[in-house]
Every structure is written in C-alpha cells, then in structure tokens.
Amino acid sequence: VAPHLMAFTNVGHFANLQGDLQPTLAADTTALSDQGVGVTATGTLPAWYGVGGLRAEFAANKHAVPYALGAIGAARLDPTPQFTFTSGMLPDGTVPDVGTDITSTLASSGTLAAPASSTAFMTMLGGGVQIPMMTHWAADIGYRYSRIAADTTLNATPLNTNVATFGVGYRF
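Draft legend 1. Broad picture of the nonpolar core. One finds L17, L77, F83, I102, M122 and I148 to be the most contacted residues of the largest nonpolar core, which totals 29 residues. Contributing elements (two or more residues each) for this core: β1 (5-14), α1 (22-34), β2 (37-44), β3 (47-57), β4 (65-77), β5 (80-88) and β6 (118-134). The leading source of residues in this core is β4, at five residues. When residues no more than four places from it in sequence are discounted, the contact partners of M122 are F14, Y49, V51, A71, I72, G73, A74, A75, S146, R147 and I148.

Below, the structure is given as structure tokens:
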C-alpha cells in the first residue's frame, strides 16, 4: 500500500470458545431444573473467521522490525450444546438412563431451543516483531486480540480472544 504499510487478510478457526457458551448453558440448565428435569450441560463453540486490515512496520534496526496491525471482518459462530440426563422426568413422560444425551429429545419436543449459528462482526488488533533470518526469510512473533460482537442470545457481552502467533515466512 505504502512504504512500511501492508494490506493483509487472515482466515482462521477458533476450535472452541466454550467458556463464552457457559452463560447460555447455565440459563438452559436452570430452566430445565425449574421443569423438574435434572441435566448437566457441556458444549462447544467453534468459530471460523475472516478479517482484512492494515499492518504498519516501524523500522527500528536491521535485526528486528516491530509492527502493529488492525483488521475488521466477520466470524461464523456454531454453538453446539449437549445436555446429559441426571434426574426427573422428560416432558414426554419418559425417564431415560442417567448419563444419556437428551439434547435432541429436548430440541424435538420444543423444550429447549438450542442457540442458532450466527455471523458476527469481528475486530482484531495486534502487534509483534519480525526478525530477518537470511535473505528473504524471516521469523515472526506476535500477539492478536480479537473481539467478536456475538448475538446477545449467546452471550450478553462480546467474545474476546487472545492469541500468540509464531511463524516463518518468505518475503518477495
């Protein structure tokens, strides 16, 4: 784009932002308990994302090139709750064995509305240092902070991630 200013894109995957799914699982567990159904709840919250932004390098010396970056994009959140039966009677009158996964039964009976997949706005800020190793080759050490404006039915506050990055690259 300009000397020491580069445009970049990044596509990635967060395997599990599960901690951010906990408020939804806790609310569902309480609602089921109020109906006389005891469950334990777990789940996963994977997310694919894509961002684009600018990276500014600051020429400090020939041995290290610090940089800062900022980007915007979107994240596709795909929450997957799992409810395991512990006690009580299901709304259809059945009593499954303790430890049985009853997620699909609760969803099909309308007792539980699983959180839907959603796409949310995402911002990323970060920085790091690029260290030249030999002609055209460099090592990169960095940090990325991302904020995903998740649907409020999933979480009352935006999702935040912190990532340390390490890499080796070839510069043209």
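Next comes the rest of the write-up.
Draft legend 2. Main features of the layout of surface pockets. The space that makes up the largest pocket amounts to roughly 170 Å³. Considering the residues around the largest pocket, the lining is formed by R55, Q130, A138, D140, R144, T165, F166, G167, V168, G169 and R171. Where the lining of the largest pocket is concerned, the elements lending two or more residues are β7 (137-148) and β8 (159-170). Of the residues in the lining of the largest pocket, the class split is three nonpolar, four polar and four charged.

Draft legend 3. Here's a closer look at empty space enclosed by the protein. The full count for this structure, using the stated rule, is one cavity of 30 Å³ or more. Volume-wise, the largest cavity comes out at about 30 Å³. Forming the walls of the largest cavity are L90, P91, D92, T105, L106 and S109. Per-class residue counts for the lining of the largest cavity are three nonpolar, two polar and one charged.

Draft legend 4. Representation of the sheet that holds β4 within the structure. Judged by pairing direction, the sheet is antiparallel, and its six strands sit side by side in the order β1-β3-β4-β6-β7-β8 without closing on themselves. For this open sheet the edge positions go to β1 and β8, each flanked by a neighbour on one side alone. The sheet shows a mean angle of 20° between the axes of neighbouring strands, direction not considered.

Draft legend 5. Main features of the side chain of Q130. As for its position among the elements, Q130 is in strand β6. Sequence-distant contacts of Q130, defined by excluding residues within four places in its chain, comprise R55, E57, A64, V65, Y67, A138, A139, D140 and R171.

Draft legend 6. Inspection of the packing of aromatic side chains at higher detail. Counted under the stated rule, the structure contains three aromatic pairs. Aromatic side chains F14 and Y49 sit 4.8 Å apart centroid to centroid with 25° between the ring planes, which places their arrangement in the stacked category. Here Y49 lies in strand β3 and F14 lies in strand β1, a separation of 35 residues in the sequence. Here the two residues F14 and Y49 agree in accessibility, since each one is buried. Geometrically, the ring pair formed by W137 and Y170 is edge-to-face, given 5.3 Å between the ring centres and 70° between the ring planes. Highlighted residues: W137 in strand β7 and Y170 in strand β8, separated in sequence by 33 residues. The exposure class assigned to Y170 is partly exposed, which follows from its relative accessible area of 40%. Through a chain of ring-to-ring contacts, the aromatic side chains of W137, Y170 and F172 assemble into a single cluster.

Draft legend 7. Highlighting the environment of A56. Position of A56 relative to the elements: it lies in strand β3. For A56, a relative accessible area of 22% corresponds to the partly exposed category. Spatially, the C-alpha atoms of A56 and A2 are 9.4 Å apart, while their sequence positions differ by 54 residues. Not counting the four nearest positions on each side in its chain, A56 is found in contact with H4, L5, P66, Y67 and A68.

About the cut-offs
Sequence order as written defines the numbering, with residues in each chain counted from 1. In keeping with the model being predicted, local features are shown solely for residues with a pLDDT of at least 70 and side-chain atom pairs are shown and tallied solely at 80 or more, while totals for entire chains, interfaces and linings include all residues. Just so you know, side-chain values use all the structure's heavy atoms and leave hydrogens and water out. The nonpolar core is taken to be a set of buried Ala, Val, Leu, Ile, Met, Phe, Trp, Tyr and Cys residues, with the residues joined through side-chain atoms within 4.5 Å. Each residue is assigned to one of three classes by its accessible area relative to the maximum for its type, calculated with a 1.4 Å probe on protein chains only: buried under 20%, partly exposed between the two thresholds, exposed over 50%. In DSSP terms, a helix is any run of H or I states spanning at least four residues, a strand is any run of E spanning at least two, and both are numbered starting from the N terminus. Contacts were defined at the residue level, with two residues in contact if any of their heavy atoms lie within 4.5 Å. Cavities and pockets are defined on a 1 Å grid built over the protein atoms alone: a cavity is a set of grid points where a 1.4 Å probe fits but cannot escape, while a pocket is an open set with protein on both sides within 12 Å along at least five of seven lines, and lining residues are those with an atom within 4 Å of any such point. Grid points are joined across faces, edges and corners, and a volume is the space filled by probe spheres set on the points. Throughout this entry, Asp, Glu, Lys and Arg are counted as charged residues, while Ala, Val, Leu, Ile, Met, Phe, Trp, Tyr, Cys and Pro are counted as nonpolar. The remaining residues, Gly among them, count as polar. Only strands joined by at least two bridges in the DSSP assignment are considered to pair. Only C-alpha atoms enter the line fits that serve as axes; for helices the fit covers just the stretch in contact. Angles between N-to-C directions range over 0 to 180 degrees. Centre distance within 6.5 Å is the pairing criterion for rings of Phe, Tyr and Trp, where only the six-membered ring of Trp is used; planes under 30 degrees apart are then read as stacked, over 60 as edge-to-face, and the remainder as tilted.

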